[in-house]
Amino acid sequence: MAGNSQRRGAIRKGGKKGPTVGSGGQRRRGLEGKGPTPRAEDRPAHKAHKMAKAAAKHGGTGAARTGGSGRGSTRRSGGKASSEVVAGRNAVVEALRAEVPVTTMYVAGRIDADDRVREALKAATARGIPVLETPRGELDRLTDGAVHQGLALQVPPYEYAHPRDFIDPEAPGVPLVVALDGITDPRNLGAIVRSVAAFGGHGVVVPERRSVGMTASAWKTSAGAAARVPVAMASNLTRALEDYRKAGFFVLGLDMDGDVELPELELATEPIVIVTGSEGKGLSRLVRETCDQVVSIPMSSAVESLNAGVATGVALYEVARRRRTATQ
């Protein structure tokens, strides 16, 4: 009878057999894995979810400044596109002064307000940037443990142009593009973007791999020029240079062992792409082989090489000078 009683107890109301005693089936569902723990931003009850939702709601504020005017103003997100956090009072104030695009400013609760904090709050309010009061523990997590001093900015992903955007027969002026080969310092990129704007260039191309992208530091160094000069990302720099050549551009590489010195450059008045290599390694082999000419900048023997940003600025000045002379 005991056996019949156990068997009857195992029958559910729906008539189906349930877990048997001793089988472990009674808690099988409870022991099954439920998958990875969702991110804090994906949990509705978590504060990070509310913060992310607020940032998304105001995501257009300030970010529109990443769009350039004129040629190449249509941007695409490239492989380097990712949000960035600027942490620390000095860094935040400098970024806001340089009008770096910002989606959200985070301020620690009960922060000791000094002149930098007050300036940051005033600038954020003037630009319509959402300001969120955030617990210090959450700020530590958002800044990945950096010394934030109670202040941080969320910088949106930069929207890159496509290299072909600079091939536009109807665009005014003779095309002038700068491509970077192995430049990893964001300050060099920012300085080059600034020089391109100063000397009438149309855009900058960076490779997707082994190269710096448009970070907040690069934007800041450009001194606002990044709002006017589009930066394109090439999945393969050599292929992009070949496309420019097919479109009628001349590709000029900058290297201390050049075929011709900059003052003797005769192609300045043609559509050109100036390729700058890294200080340490210079132009990579494939990129060098793709160039129509390799140009060197004459220097004193006491100086081995120029900073990549300075070298590019010198070359752009010479091209701009020759173009002005040709039109006079």
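Scoring rules and cut-offs
Residues numbered from 1 in each chain as written. Predicted model: local features only at pLDDT ≥ 70, side-chain atom pairs only at ≥ 80, totals over all residues. Heavy atoms only, no water. Helix = DSSP H or I, 4+ residues; strand = E, 2+ residues; numbered from the N terminus. Buried < 20%, exposed > 50% of the residue type's maximum accessible area, 1.4 Å probe, protein only. Areas by Shrake-Rupley, 256 points an atom, 1.4 Å probe, with all protein chains shown as cover. Pairing = 2+ DSSP bridges. Axes fitted to C-alpha atoms, helices over the stretch in contact; angles between N-to-C directions. Contact = heavy atoms within 4.5 Å. Right-handed = clockwise from strand over helix to strand, strands pointing away. Salt bridge = Lys/Arg side-chain N within 4 Å of Asp/Glu carboxyl O. Expected span 1.5 Å × (residues − 1). Phe/Tyr/Trp six-rings, centres within 6.5 Å; stacked < 30°, edge-to-face > 60°.

So, on to the overall build of the chain. Helix and strand counts for the chain stand at eleven helices and eleven strands. Counting over 328 residues, the chain shows a buried share of 43%. Total accessible area computed for the chain in this model is approximately 17,900 Å², and 49% of it derives from carbon and sulfur atoms.

What follows is about the sheet that holds strand S1 (residues 84-87). Strand order in this open sheet of four strands is S1-S4-S2-S3, and the pairing throughout is mixed. The sheet terminates laterally at S1 and strand S3 (131-134), the two strands that pair on one side only. Going from strand to strand, the sheet's axes swing by 25° on average, the running direction of each strand aside. Bridge count for S1 against strand S4 (residues 151-155) is four bridges, and the pairing is antiparallel. Across the sheet, the residue bridging to Ala-87 is Ala-152, located in S4. Contacts from helix H4 (residues 89-97) reach S1, strand S2 (104-108) and S4, with the element oriented near 45° to S4. Contacts from helix H5 (residues 115-127) reach S2, S3 and S4 within the one sheet, and its direction differs from that of S2 by about 145°.

Right, let's get into the pairing of S2. The element S2 is largely enclosed, with a buried count of five among its five residues. Judged by which residues are buried, S2 turns out to be covered on both faces: Thr-104, Tyr-106 and Ala-108 on one side and Met-105 and Val-107 on the other are all buried. Here four bridges tie S2 to S4, and the two strands are oriented antiparallel to one another. Bridging across to S4, Thr-104 finds its partner in Gln-154. The pairing of S2 with S3 spans four bridges and is classified as parallel. Bridge assignment links Ala-108 to a residue of S3, and that residue is Thr-134. Remark: the S2/H5/S3 crossover connection has right-handed handedness.

A separate point is the pattern of salt bridges. Once the charged atoms of two side chains with opposite charge are near each other, the side chains can pair. Evaluation of the coordinates by the stated rule reveals 13 salt bridges. With its nearest N and O atoms 3.8 Å apart, the salt bridge here joins Asp-243 to Arg-164. With Asp-243 in helix H9 (residues 237-246) and Arg-164 in the loop between S4 and strand S5 (176-181), the pair connects residues that are 79 residues apart, well separated along the chain. Measuring nitrogen to oxygen at the nearest pair gives 3.3 Å for the salt bridge that ties Glu-289 to Arg-285. Of this pair, Glu-289 and Arg-285 both sit in helix H10 (residues 285-290), separated by four residues, roughly a single helical turn. For the pair shown, Glu-289 and Arg-285 are each scored as exposed. Residues participating in the shared-partner salt-bridge network are Arg-89, Asp-114 and Arg-116.

Below, the discussion takes up the side chain of Thr-276. In this fold, Thr-276 is placed in strand S10 (residues 272-277). When neighbours within four sequence positions are excluded, Thr-276 is seen to be in contact with Val-178, Ala-179, Leu-180, Asp-181, Ile-183, Leu-254, Leu-283, Ala-308 and Thr-312.

Here we come to the environment of Ala-216. By the element assignment, Ala-216 lies in helix H8 (residues 216-221). Looking at Ala-216, the relative accessible area reads 6%, which means it is buried. Separated by 115 residues in the primary sequence, Ala-216 and Pro-101 place their C-alpha atoms 8.3 Å from one another. With near-sequence residues (within four places) excluded, Ala-216 lies in contact with Glu-84, Val-86, Val-100 and Val-155.

Before going further, it helps to spend a moment on H5. With 13 residues, H5 extends 18 Å between its outermost C-alpha atoms, agreeing within 8% with the 18 Å of an ideal straight helix rising 1.5 Å per residue. Considering only its buried residues, H5 is in contact with H4, S2, S3 and S4. Immediately beyond the C-terminal end of H5, within one or two residues, lies Gly-128, with a positive phi of roughly 75°.

This part takes up the packing of aromatic side chains. Taken as a whole, this structure holds three aromatic pairs when the rule is applied. Look at Phe-199 and Tyr-317: their rings are 6.0 Å apart centre to centre, the planes differ by 70°, and that puts the pair in the edge-to-face class. In this pair, Phe-199 sits in the loop between helix H7 (186-198) and strand S6 (203-207) while Tyr-317 sits in helix H11 (residues 308-327), placing the two residues 118 residues apart along the sequence. Owing to a relative accessible area of 28%, Phe-199 belongs among the partly exposed residues under this scheme. When its relative accessible area of 40% is taken as the criterion, Tyr-317 is described as partly exposed. Seen from their ring centres, Tyr-244 and Phe-249 are 5.2 Å apart, and the 55° between their planes marks the pair as tilted. Of the two residues, Tyr-244 and Phe-249, both sit in the buried class.

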